[in-house]
Amino acid sequence: MNFTANNVHAEITISSTAAARGCVRQINVNGKDLHLTIPAGIKNGQTLRLKGRGYSIGGGEPGDLYVKISVQHPSTSPQQERVESQREVEKAVERYLSDLFPSPFAVRLHYPIRIGANPSNADVVLCDGEGNLVAIAVCKRNGFIGNGITQLQAYLGTVNAPFGIFANNTKPDLWTFHENLGRNQFKEVPRARFEKGVFMVQERQSALEQLQQRINLLNKQKSELERGLEWKKQPPVLERLKQQIEQLEAAKSELEKVVGVKAWEALKWLKNLLEENVIPENETSDGDTRRTLTISSTCAKRGGRAVMFVDGKQLTVKIPAGTKEGQTLRIRGQGYPAVHGGRGDLYLKISVS
């Protein structure tokens, strides 16, 4: 079943007698009480759809309400019959996040967030290794929705966390996952996208740290060259260093703007950018240059294209199908300027990850 971004999911429990005869049950959606007519003969696990009874995002058309019916029989134990409390739902979200996202991620309960002048506590939050909020969860008791979605959006917009969860039961398959698109725009996303996006947040943080380390190193090399301590051909080497520093700083600035799954494409080419030898030790007088290019195993097997930067310019490299680890590709005329004019060749040693 495909759900749009403004659908609502809930679950209610009825007795086997009520399921056999049919009944009417009250359910609260966005602060409004709805009377749900359950037809006679409904089965355990069956889902009812109420068109136009979901919530509206940004004034758009409201989505649908999907209510899953759980039928309990007389033999069911009292422990199973009772309604799950909000505390039980919070514990389920805490377990889910803790099991899926290990250290350096950290899960915290009742995290303080101030919305305007009003202090409040988010039920469950997930933080990255730097303590930044990655995901916020709003929890309600079993089957209750209330103003939970509005509350979640308020939290996400206030602290600019990339992801959110709304849970009103202990089953992750029935939770709704949300992505913060910025400017008070939110989108319901599949669970798999949420999980991948959270991991990308940590990958992005690690890449930003590597970028800063590389920028610091290049600035140090640049200072040494400006003092004339190394390299006889200082002008071209110094100019190349300046270009690389500007390029890395621009990449860092762009990566800081993207979050979640949007960082996926940026991180793919960034790995090759970080592996570049800014002052190639293997550069010869005729401009020939040797680099290492990292590609995926799928790209190596099937062929494809990889992006890297040479002399401050983006270069797209065609990878032949069946490329092996350690193989060297030669790209004519894509090295550095030669001493006697023209450009040398670029030799790429393939590393398969």
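Residues numbered from 1 in each chain as written. Predicted model: local features only at pLDDT ≥ 70, side-chain atom pairs only at ≥ 80, totals over all residues. Heavy atoms only, no water.

Engineer: Got a minute to help me understand the overall build of the chain in this structure?
Structural biologist: A tally of regular secondary structure across the chain gives eight helices and 16 strands. By residue count, 44% of the 353 residues in the chain fall in the buried class. Put simply, of all contacts in the chain between residues at least 6 apart along the chain, 55% involve residues at least 24 apart. (Helix = DSSP H or I, 4+ residues; strand = E, 2+ residues; numbered from the N terminus. Buried < 20%, exposed > 50% of the residue type's maximum accessible area, 1.4 Å probe, protein only. Contact = heavy atoms within 4.5 Å.)

Engineer: I keep staring at the pattern of salt bridges and nothing clicks. Help me out?
Structural biologist: Between side chains of opposite charge, a pair can form as their charged atoms come close. Tallied over the full model, the rule gives eight salt bridges. Residue Arg-193 is joined to Glu-179 by a salt bridge in which the shortest nitrogen-to-oxygen separation is 3.0 Å. Taken together, the residues span a long stretch of sequence, with Arg-193 in helix H5 (residues 191-226) and Glu-179 in strand S10 (residues 176-182) at a distance of 14 residues. Taking relative accessible area as the criterion, Glu-179 reaches 2% and is therefore assigned buried. The structure contains a network of salt bridges with shared partners spanning Asp-173, Arg-191 and Glu-195. (Salt bridge = Lys/Arg side-chain N within 4 Å of Asp/Glu carboxyl O.)

Engineer: Even after reading the chapter, I still don't get helix H4 (residues 148-159), so can you show me in this structure?
Structural biologist: At 3.6 residues per turn, the α-helix brings residues three or four places apart onto the same side. With twelve residues, H4 extends 17 Å between its outermost C-alpha atoms, agreeing within 8% with the 16 Å of an ideal straight helix rising 1.5 Å per residue. Turning to H4, its buried residues number three or more, namely Gly-148, Ile-149, Leu-152, Gln-153, Tyr-155 and Leu-156. Taken down its axis, H4 places every buried residue within 160 degrees of arc, on the same side. Elements in contact with the buried residues of H4: strand S6 (106-115), strand S7 (118-127), strand S8 (133-139), strand S9 (163-167), S10 and strand S11 (185-189). (Expected span 1.5 Å × (residues − 1). Arc of directions from axis to C-beta.)

Engineer: Where do I start with the sheet that holds strand S4 (residues 47-50) in this structure?
Structural biologist: Paired through their backbone hydrogen bonds, the strands of a sheet run either parallel or antiparallel. Strand order in the open sheet formed by three strands is S1-S5-S4, and the pairing between neighbours is mixed. Two strands bound the open sheet, and with one partner strand each, they are strand S1 (8-15) and S4. Within this sheet the neighbouring strands show an average axis-to-axis angle of 25 degrees, counted without direction. Pairing of S1 with strand S5 (residues 65-72), which is carried by eight bridges, proceeds in the parallel orientation. Bridge pairing in S5 places Thr-13 opposite Ser-70. (Pairing = 2+ DSSP bridges. Axes fitted to C-alpha atoms, helices over the stretch in contact; angles between N-to-C directions.)

Engineer: Mind showing me how you'd approach the nonpolar core here?
Structural biologist: In a soluble, globular protein the nonpolar side chains are often hidden away together inside. Membership of the largest hydrophobic core comes to 35 residues, with the highest contact counts inside it found for Ile-14, Ile-38, Leu-65, Ile-69 and Ile-136. Among the nonpolar cores identified, the runner-up in size contains 22 residues, and Ala-92, Ile-165, Ala-167 and Val-189 belong to it. (Core = buried A, V, L, I, M, F, W, Y, C linked by side-chain atoms within 4.5 Å.)

Engineer: Hey, could you run me through the packing of aromatic side chains in this one?
Structural biologist: Each aromatic ring pair is described using two quantities: the centre-to-centre distance and the angle formed by the ring planes. Scanning the model with the defined rule gives seven aromatic pairs in all. Taking the centre distance of 5.0 Å and the plane angle of 35 degrees together, the rings of Phe-177 and Phe-194 count as tilted. You can see Phe-177 sitting in strand S10 and its partner Phe-194 sitting in helix H5, a full 17 residues away along the chain. A relative accessible area of 0% places Phe-194 in the buried class. The rings of Tyr-96, Phe-101, Phe-105, Phe-163, Trp-175, Phe-177 and Phe-194 are connected pair by pair, giving a single aromatic cluster. Over the ring of Phe-144 we find Arg-141, and its NZ or CZ is 4.3 Å from the ring centre. (Phe/Tyr/Trp six-rings, centres within 6.5 Å; stacked < 30°, edge-to-face > 60°. Lys NZ or Arg CZ within 6 Å of the ring centre and 35° of its normal.)

Engineer: Would you explain the pairing of S10 in this entry?
Structural biologist: In regular strands, side chains alternate between the two faces of the sheet. Of all seven residues that make up S10, five are buried, and the element is covered over most of its length. Looking at chain direction, S9 and S10 are connected through four bridges and run antiparallel. Paired with Phe-163 across the bridge in S10 is Glu-179. Where S10 lies against S11, five bridges are found, and the strand directions are antiparallel.

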